[in-house]
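Fold and contact review
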Amino acid sequence: EFVETLPSAALCVMDPVQRVHTVAERAMPSQAAALAIAEAAAAAVAEAQIVRQQPQQQHQRQQQLAIQEVDTVTPATDVIPVAQPHEDFGQAYIRHCNDNMTHMRLFGVPSGEAHYNMARCLSLGSAALHADTTSAVARSPSLPPCLDKVSDAELAEARLDLAADMLRSAAICGFTAAKRALTDPDLQALRKHR
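Residues numbered from 1 in each chain as written. Predicted model: local features only at pLDDT ≥ 70, side-chain atom pairs only at ≥ 80, totals over all residues. Heavy atoms only, no water.

With that out of the way, let us pick up the overall build of the chain. Along the backbone of the chain there are 9 helices and 0 strands. Each helix (α) and strand (β) of the chain, taken in turn from the N terminus, gives the series α-α-α-α-α-α-α-α-α. Residues classed as buried in the chain amount to 34% of the 194 residues present. Of the contacts made within the chain by residues no fewer than 6 positions apart, 59% connect residues no fewer than 24 positions apart. With an accessible surface of roughly 12000 Å², the chain has 59% of that area assigned to carbon and sulfur atoms. (Helix = DSSP H or I, 4+ residues; strand = E, 2+ residues; numbered from the N terminus. Buried < 20%, exposed > 50% of the residue type's maximum accessible area, 1.4 Å probe, protein only. Contact = heavy atoms within 4.5 Å. Areas by Shrake-Rupley, 256 points an atom, 1.4 Å probe, with all protein chains shown as cover.)

As structure tokens, this is what we get:
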């Protein structure tokens, strides 16, 4: 009944704490009681904001722990293959892009691991062009960059440029397993030519 006395436009432009103060002042004859309700509501709003931030902070901490664990426990010889047996490097790259998008939807931040794996795909795609320029699989048309009418050597160099950029992006996104990157055989072409 007391809310109806306020213009609805006035309630819409107020922040939640102001709204609680205004409604409480009109509903109760005692100013002290109104302030007590407003303070309780403000505390509830602050608590709700903290609760919303906790999942992201927990995820960031879990990601840091997982990265540290991989960096210290997993020897470089046990690197997980970047591509599945049925995939070419372009298909694997797209899968890792999708992994990154899923990570962003779930956690609100890009995945350093997915960016690292995309760099691996690009490096392997470049190495395949350096090793075998006659194979259509080596060209892997779904692997970026999508360049038309370029030689295999130019495409290999463009892939190495992208791989280097993607590796920098992985570091920016939180990938910290430098030891793994320095010894990963999938990044050999990138280390050799850059």
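Structure shown, so let's carry the discussion forward.
Per the counting criterion, the structure on display carries 1 aromatic pair. Relative to Phe175, the ring of Tyr116 lies with its centre 4.2 Å away and its plane at 15 degrees, an arrangement referred to as stacked. Of this pair, Tyr116 sits in helix α5 (residues 112-131) while Phe175 sits in the loop between α7 (152-172) and α8 (178-183), and the two are 59 residues apart along the sequence. Like Tyr116, the residue Phe175 is buried in the burial classification. (Phe/Tyr/Trp six-rings, centres within 6.5 Å; stacked < 30°, edge-to-face > 60°.)

So, about unusual backbone geometry. Of note, the bond from Pro144 into Pro145 is cis; its omega dihedral lies within 30 degrees of zero at -5 degrees. Turning to its location among the elements, Pro145 is positioned in the loop between α6 (136-139) and α7. Here the phi dihedral of Lys149 falls at roughly 60 degrees; this positive angle occurs in a residue that is not glycine.

The next thing to look at is α7. For α7, which comprises 21 residues, the first-to-last C-alpha distance of 30 Å matches the rise-based estimate of 30 Å (1.5 Å per residue) to within 8%. For α7, every residue scored as buried is listed here: Asp152, Leu155, Ala156, Ala158, Arg159, Leu160, Ala163, Ala164, Met166 and Ala170. Once α7 ends, the next one or two residues include Gly174, with phi positive near 110 degrees. (Expected span 1.5 Å × (residues − 1).)

Here we take up the pattern of salt bridges. With the rule as written, the count across this model stands at 6 salt bridges. Ionic pairing is found between Glu157 and Arg194, a salt bridge with its closest N-O pair at 2.9 Å. Residue Glu157 is located in helix α7, and its partner Arg194 is located in the segment after α9 (188-193); the two are separated by 37 residues in the primary sequence. Looking at Arg194, the relative accessible area reads 44%, which means it is partly exposed. (Salt bridge = Lys/Arg side-chain N within 4 Å of Asp/Glu carboxyl O.)

A few words on the packing of helix α4 (residues 89-107) against α5. Think of two packed helices as two axes; the pair is described by the angle between the axes and how far apart they sit. Contact pair α4 / α5: the axes reach a minimum separation of 9 Å and the direction vectors enclose 170 degrees. Between α4 and α5, the crossing angle belongs to the class labelled roughly antiparallel. Facing α4, whose interface residues are Phe89, Ala92, Tyr93, His96, Cys97, Asp99 and Asn100, α5 presents Ala114, His115, Asn117, Met118, Cys121, Leu122, Leu124, Gly125 and Ala128. Considering only residue class, the contact of α4 with α5 consists of 10 nonpolar, 5 polar and 1 charged. (Axes fitted to C-alpha atoms, helices over the stretch in contact; angles between N-to-C directions. Parallel < 35°, antiparallel > 145°, perpendicular 65-115°, else oblique. Nonpolar A, V, L, I, M, F, W, Y, C, P; charged D, E, K, R; others polar.)

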